[in-house]
Amino acid sequence: MLLSPSRCIILLLLVNSVYSGRVLRKIKERVRKIQYEKAKKNVLMSAVNGHKPICEVRDGKIHQPLDHFDSQNDETFPQRFLVNEAYWERPHGPVFLFIGGEGPISEFDVLAGHHVDMAEEHGALLVALEHRFYGESINKDGLETENLGDLSSQQALADIAEFHQYISDRFDLSDKNTWISFGGSYAGALSAWLRGKFPHLVYGAVASSAPVKAKLDFSAFNKVVGLSLTDEDVGGSDKCVGDISEAFAAVEAALFAGNATEVGKDFGCCETPEDLEDQIELMQSLADIVMGTVAYNEEGGILTIEELCDIMTNETETFDSETEAYDRLIKLVQIDRATGEEPCLDASHKQTIKDLSDTNLDSAYNGERQWYYQTCTEFGFFQTCEDASCPFSRMLTLQAQTDLCPEVFNIPQHSLPGHIAFTNKYYGGDHPDTDRVLYVNGDIDPWHELSVLEEDLDKEDEDMTILIEGTAHCADMNPDGVADRPALKQARKAIERKVAKWLKEAARKLMD
């Protein structure tokens, strides 16, 4: 079990998000880089101004059981963790646990963010644990299909329990050190589930943008995308979503008319989408640009909803009236590709299969293969467009997305509903039997549809859900920004009050 110092400004800030297509994953990576630069600048400026100390984050590895539930299996894997003691008031200060999700953890997970600001206020020890099979927390053969069976949320929670004991031993902690867990997106669900399954380990949990309900056909995702694009408070309009729908219908019509070569050239596709499978990939890539804009609105994405809608509804530019919406979508793709420095637009089903089948450890960092495996075995989350409310193409079917499960992992499609049902039964879905879990969501964020939104969950503790108006995915996890919406700032204050209340309660119970 190695613990070594690591300087403050090396790795990328983890953006918490579950994703769908390859283009949406690339958008996620762009947002990650943008937020990394912001976090780096903020940390350095705070240090220069004397507000926060220049620190060394300690980087360690703990050797975890590969299978916590098989006592006959003595195999292990290295799991990465980070520790920041800069604010800790020894010996009884609380512990703030940042839970890693479907990607690598970063030094900035214990250096920047709303939970770090609260740790400074309460004198907390900051620790972060990387999720098994992501980032550096994987054995050299871990991505092989036969070894992915050890990748699950249940094993991940058991990892956290082991890590809790390790940190407690390492820092000589006792029941006087109150633990609070934090996580966003899938890691937000883990934060909530940790409190539900191991309530003796964490006193309270903050679950930001947490999709705690598994769902095979997540058609509601694109329903919310459409509604968000009509929201005038964030720059949307009925015309915007109408023009987007018209543009997708025009692309679909051109493909069905046999004009795949022309469509491929218009949108700068990496390959001509001749086959139906490639045309579905193209439609997914086009939808990803819009979906990514909505999911990361005003949180570091390339475009905001307002900017996207300005492009799609701009009547000042001269386009052929018969292809106006189609041409505007072309311009949107050109802007997205130029900003992201993408040479072409993904439109190859074979390339998707190749990417998802890559077992090289270099691919462990983007987490694409591992996460798709978890969607096939636990969560679903397939963002389809067969519902009439979807603003994109009806070519984005559940069948097209779940075909990848048997094709890549040899997981039969007929087994998926049973996997989803088990997950919801095991954790409770969006009506879990838990207390002291604060569910925080933004109403622009499509993932809020699978989170907990009701106010009557915990009868002994009121106000356990926060829905932030005009806010997107995991926005509350970032530190305060000058351009933040008032509702977002108020939500962070509410989170601060809840965490402070938990810490006071825990201290009072110890005294009693």
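Residues numbered from 1 in each chain as written. Predicted model: local features only at pLDDT ≥ 70, side-chain atom pairs only at ≥ 80, totals over all residues. Heavy atoms only, no water.

K.L.:
Which parts of the structure should I look at to understand the nonpolar core?
P.N.:
One recurring pattern in soluble globular proteins is that nonpolar side chains are buried together. Within the largest apolar cluster, 109 residues are counted, with the highest numbers of intra-cluster contacts made by Ile167, Leu229, Phe267, Leu286 and Phe392. Considering every element that reaches this core, the biggest residue donor is helix H8 (residues 276-295), with 9 residues. Those residues in contact with Ile167 that lie beyond four places of it in its chain are Phe81, Val83, Leu125, Val127, Leu173 and Trp179. The next biggest cluster of nonpolar side chains, apart from the first, holds 35 residues, and it includes Val116, Leu438, Cys474 and Val499. (Core = buried A, V, L, I, M, F, W, Y, C linked by side-chain atoms within 4.5 Å. Buried < 20%, exposed > 50% of the residue type's maximum accessible area, 1.4 Å probe, protein only. Helix = DSSP H or I, 4+ residues; strand = E, 2+ residues; numbered from the N terminus. Contact = heavy atoms within 4.5 Å.)

K.L.:
Which parts of the structure should I look at to understand H8?
P.N.:
Every α-helix winds through 3.6 residues per turn, so residues three or four apart in the chain are directed the same way. The terminal C-alpha atoms of H8, which comprises 20 residues, lie 28 Å apart, in line with the 28 Å expected from a rise of 1.5 Å per residue. Most of H8 sits inside the fold, with 18 of its 20 residues counted as buried. (Expected span 1.5 Å × (residues − 1).)

K.L.:
Looking at this structure, I do not really get the packing of aromatic side chains. What am I missing?
P.N.:
Each pair of aromatic rings is reported with the distance of its centres and the angle of its planes. One pass over the structure, following the stated rule, counts 22 aromatic pairs. Ring centres of Phe248 and Phe392 lie 5.0 Å apart, and the angle between their planes is 55°; this geometry places the pair in the tilted category. Here the residue Phe248 occupies a position in helix H6 (residues 238-256), and Phe392 occupies one in the loop between strand E9 (380-382) and helix H13 (398-402), the gap between them amounting to 144 residues. On the basis of relative accessibility, which here comes to 0%, the residue Phe248 falls in the buried class. Linked through ring pairs, Tyr186, Trp193, Phe218, Phe221, Trp371, Phe379, Phe381, Phe422, Tyr426, Tyr427 and Trp447 together constitute an aromatic cluster. (Phe/Tyr/Trp six-rings, centres within 6.5 Å; stacked < 30°, edge-to-face > 60°.)

K.L.:
What should I look at first to understand the state of the cysteines in this one?
P.N.:
Two cysteines, two sulfur atoms, one covalent bond between them: this is a disulfide. By the definition in use, this model includes 4 disulfides. In this model, Cys270 is linked to Cys344 through a disulfide, with the two sulfur atoms separated by 2.1 Å. Between Cys270 and Cys344 the disulfide shows an S-S torsion of about 95°. By sign, it is right-handed. Separated by 74 residues along the polypeptide, Cys270 in the loop between helix H7 (260-266) and H8 and Cys344 in the loop between helix H10 (324-340) and helix H11 (349-356) bring together distant segments of the chain. Cys270 sits in the partly exposed class, given a relative accessible area of 30%. (Disulfide = S-S within 2.5 Å.)

K.L.:
Got a minute to help me understand the environment of Thr375 in this structure?
P.N.:
Note that Thr375 resides in helix H12 (residues 368-379). Using a relative accessible area of 5% as the deciding quantity, one classes Thr375 as buried. The sequence separation of Thr375 and Thr402 amounts to 27 residues, and the corresponding C-alpha distance is 9.3 Å. When near neighbours in sequence (up to four residues on either side) are disregarded, Thr375 contacts Gly380 and Phe382. In terms of polar contacts, Thr375 uses its side chain to reach the backbone carbonyl oxygen of Tyr372, at 2.6 Å. (Polar contact = N/O pair within 3.5 Å; in protein donor to acceptor, adjacent residues only side chain to side chain.)

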